[in-house]
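Here is what each chain is made of, one letter per residue.
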Amino acid sequence: MNVLRIKSWGLTINKEEPFLVSGPCSAETRTQVLDSCRHLAKYGVSLLRAGIWKPRTRPNSFEGVGAKGLPWIKEAGEITGLPVTVEVAKASHVEAALNANIDVLWIGARTTVNPFAVQEIADSLRGVDIPVMIKNPVSPDLELWIGAIERLYLAGIHKLAAIHRGFSVSKSTPYRNQPKWEIPIELRRRIFGLEVICDPSHICGKRSLLQGVAQKALDLNFDGLMLETHINPDKALSDALQQVTPEGLNVLMDSLVIREMTTDDPEYWNKLEELRQVIDQLDAEIIELLRNRMEVASEIGRYKKINNIKILDMERWRHIFATRMSMSKEANLSEDFANGLLQAIHKESIKKQTEVMNLKDL
Ligand code: PEP
Ligand code: MN
């Protein structure tokens with residue numbers, strides 16, 4: 001895939017870093033959209049957003065004003081000289097948005113989960129030159145996210161970016177949607193050159209967490225931020241708890257530290273090189289240790305086979321798990337990490353033993 005970066009999308013955007021997308025969760029009235037956007041233009045926003053059709057979890061919630069809101073956001077764009085973006089979830093939305101000369105489209109998390117819907121949007125965009133931003137699917141499924149991006153790309157849309165808005169998981173966390181940073185990082189590794197914008201508003205679900213998530217996104221070298229703003233957030237018809245006023249956005253943006261990607265300082269590079277060598281050495285040792293451990297597992301497998309003994313002994317596994325978890329705790333390793341690591345090692349050890357058991361001859 002050869003996706004075009006945001007700066008090649010041909011938009012007249014703010015030169016300030018980072019690329020900032022902002023505007024209300026939902027367009028509610030013409031005045032609300034125009035008032036929010038007029039303020040945002042002063043605060044370095046590059047692209048104005050507003051939800052026109054709102055996918056809601058339960059019926060009988062506010063489902064957006066529909067196509068009549070399109071001229072409001074377009075007017076906001078004309079007044080401020082900024083490009084505008086709306087969410088589309090089906091072909092009729094695309095048609096209405098294109099008729100209203102919307103500059104950029106985005107696909108929401110509830111749409112990305114559905115390949116039929118994504119394909120319908122992709123087909124309706126064949127032959128159209130418009131940038132599209134694709135939010136991650138609600139579930140933590142990287143392949144589904146990549147699949148949606150591919151569907152758009154194959155329909156000829158090369159001005160593409162991804163939006164990381166967090167994932168719905170069953171365990172309770174302070175976030176509305178778990179960030180699971182490793183997923184967008186893996187996306188960037190898999191699709192070279194694809195830019196990813198972080199949406200702290202939908203990750204956090206509440207204002208107090210926005211700053212930390214936005215700062216982390218910048219530190220992880222994300223390519224932009226999407227933050228919802230409302231002229232009167234407490235009265236917003238959707239996502240009231242996570243929206244900030246345009247002034248609040250300004251304060252938030254001012255509080256963020258934009259670090260450099262690199263430096264010419266030779267002292268920094270010398271020290272970093274030294275530390276990286278230590279990491280390289282440690283990784284080599286870890287891999288060597290794991291190889292030795294797997295060889296011993298195979299040896300145990302052979303020994304059990306000769307003696308006609310079953311592979312899994314739950315008592316032993318319980319003991320291993322409990323003792324290693326407490327050693328990990330002592331060593332300040334997080335519980336999640338230690339748990340994942342032990343499970344992975346144990347799974348591989350069982351695999352080794354099974355391989356040996358299934359050999360005809362030892
Ligand atoms: C939104 O951006 O307002 C929205 C509906 O987001 P998501 O698709 O991430 O839930
Ligand atoms: Mn929202």
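The coordinates are above.
Residues numbered from 1 in each chain as written. Chains lettered and ligands numbered in written order. Predicted model: local features only at pLDDT ≥ 70, side-chain atom pairs only at ≥ 80, totals over all residues. Heavy atoms only, no water.

Undergrad: Honestly, the overall build of the protein in this entry has me stumped. Any pointers?
TA: A tally of helices and strands in the protein yields 13 helices and eight strands. Here the C-alpha coordinates of the protein stretch approximately 80 × 50 × 40 Å along the principal axes. When the 362 residues of the protein are sorted by exposure, 44% land in the buried category. Across the protein, the fraction of contacts at a sequence separation of at least 24, relative to all contacts at a separation of at least 6, is 74%. (Helix = DSSP H or I, 4+ residues; strand = E, 2+ residues; numbered from the N terminus. Buried < 20%, exposed > 50% of the residue type's maximum accessible area, 1.4 Å probe, protein only. Contact = heavy atoms within 4.5 Å.)

Undergrad: Where do I start with the coordination of the manganese ion (ligand 2) in this structure?
TA: Tetrahedral metal sites with four donors have an ideal angle of 109.5 degrees; octahedral sites with six donors have ideal angles of 90 or 180 degrees. Taken together, the protein ligands of the manganese ion (ligand 2) are Cys25 (SG), His202 (NE2), Glu228 (OE) and Asp239 (OD), with distances of 2.1 to 2.4 Å. Within one chain, the residues donating to the manganese ion (ligand 2) are spaced in sequence as C-x176-H-x25-E-x10-D. Of the two residues, cysteine 25 is situated in the loop between strand 1 (19–23) and helix 1 (30–42) and histidine 202 in helix 8 (residues 200–204); the sequence distance between them amounts to 177 residues. Each member of the pair, cysteine 25 together with histidine 202, is buried. (Donors = N, O, S within 2.8 Å, 3.2 Å for Na, K, Ca; no water.)

Undergrad: What exactly am I supposed to notice about the pattern of salt bridges here?
TA: Between side chains of opposite charge, a pair can form as their charged atoms come close. Tallied over the full model, the rule gives 19 salt bridges. The closest approach of N and O atoms between arginine 176 and aspartate 239, which form a salt bridge, is 3.1 Å. One end of the pair, arginine 176, is in the loop between strand 6 (160–164) and helix 7 (182–190); the other, aspartate 239, is in the loop between strand 8 (224–228) and helix 10 (246–255), with 63 residues separating them in the sequence. Taking the relative accessible area as the measure of exposure, arginine 176 reaches 38% and is therefore partly exposed. (Salt bridge = Lys/Arg side-chain N within 4 Å of Asp/Glu carboxyl O.)

Undergrad: Help me out: how do you make sense of the packing of aromatic side chains in this one?
TA: To describe a pair of aromatic rings, you give the distance between the ring centres and the angle between the ring planes. Evaluation of the coordinates by the stated rule reveals four aromatic pairs. On the numbers, 5.6 Å between centres and 65 degrees between planes, the contact of tryptophan 317 with phenylalanine 321 is edge-to-face. Taken together, the residues tryptophan 317 and phenylalanine 321, both in helix 12 (residues 314–330) and four residues apart, mark about one turn of the helix. Here arginine 188 stacks its cationic end above the ring of phenylalanine 222, 4.9 Å away from the centre of that ring. (Phe/Tyr/Trp six-rings, centres within 6.5 Å; stacked < 30°, edge-to-face > 60°. Lys NZ or Arg CZ within 6 Å of the ring centre and 35° of its normal.)

Undergrad: Help me out: how do you make sense of the nonpolar core in this one?
TA: As a rule of thumb, soluble globular proteins bury nonpolar side chains together. The biggest cluster of nonpolar side chains holds 69 residues, and the ones touching the most others in it are Leu105, Val132, Leu152, Leu160, Leu187 and Leu225. Take this core: its biggest share by element is seven residues, from helix 6 (residues 142–154). Once residues lying within four places of it in the same chain are set aside, the contact partners of leucine 160 are Val3, Leu4, Trp9, Val132, Ile134, Ile149, Leu152, Tyr153 and Leu194. (Core = buried A, V, L, I, M, F, W, Y, C linked by side-chain atoms within 4.5 Å.)

Undergrad: I would appreciate a short explanation of the sheet that holds strand 6 in the present structure.
TA: Strand pairing in a sheet takes place through backbone hydrogen bonds and is either antiparallel or parallel in direction. With respect to topology, eight strands assemble into a closed barrel ordered 1-2-3-4-5-6-7-8, the strand pairing being parallel. On average, each strand axis in the sheet is inclined to that of its neighbour by 25 degrees, with strand direction left out of account. Most of the contacts of helix 6 go to strand 6, to which it runs at about 155 degrees, and overall it touches strand 4 (104–107), strand 5 (132–135) and strand 6. Together, strand 1 and strand 8 form the strand contacts of helix 10, whose direction differs from that of strand 8 by roughly 150 degrees. (Pairing = 2+ DSSP bridges. Axes fitted to C-alpha atoms, helices over the stretch in contact; angles between N-to-C directions.)

Undergrad: For this particular structure, what's the right way to read the layout of surface pockets?
TA: Using a probe with the size of a water molecule, rolled over the atoms, empty space left in the structure can be pinpointed. Here the largest pocket defines a volume of roughly 940 Å³. Along its surface, the largest pocket is lined by 28 residues, and Glu17, Glu195, Asn221, Phe222 and Asp223 are the ones closest to its centre. Among the residues forming the lining of the largest pocket, the class breakdown is 12 nonpolar, five polar and 11 charged. Here the second largest pocket defines a volume of roughly 470 Å³. Along the wall of the second largest pocket there are 15 residues; nearest its centre are Arg324, Ser328, Leu341, Leu342 and Ile345. Within the residue set of the lining of the second largest pocket, elements represented by two or more residues are helix 11 (266–306), helix 12 and helix 13 (335–358). By residue number, the principal contributor to the lining of the second largest pocket is helix 11, which donates five residues. Class assignment for the residues of the lining of the second largest pocket results in 11 nonpolar, one polar and three charged. (1 Å grid on protein atoms, 1.4 Å probe; cavity = no way out; pocket = protein on both sides within 12 Å on 5 of 7 lines; lining within 4 Å. Points joined across faces, edges and corners; volume = space filled by probe spheres on them. Nonpolar A, V, L, I, M, F, W, Y, C, P; charged D, E, K, R; others polar.)

Undergrad: Looking at this structure, I do not really get the site of ligand 1. What am I missing?
TA: Near ligand 1 you find Cys25, Arg49, Lys54, Glu87, Trp106, Gly108, Ala109, Arg110, Lys135, Arg165, His202 and Glu228, and these make up its full shell. A distance of 2.8 Å separates an oxygen atom of ligand 1 from a polar atom in the side chain of lysine 135. For ligand 1, an oxygen atom lies 3.2 Å from a polar atom in the side chain of histidine 202. Burial of ligand 1 by the protein amounts to 98% of the accessible area it has alone, namely 300 Å². When the residues that make up the shell around ligand 1 are grouped by side-chain class, the tally is three nonpolar, two polar and seven charged. (Near = heavy atom within 4 Å. Polar contact = N/O pair within 3.5 Å; in protein donor to acceptor, adjacent residues only side chain to side chain. Areas by Shrake-Rupley, 256 points an atom, 1.4 Å probe, with all protein chains shown as cover.)

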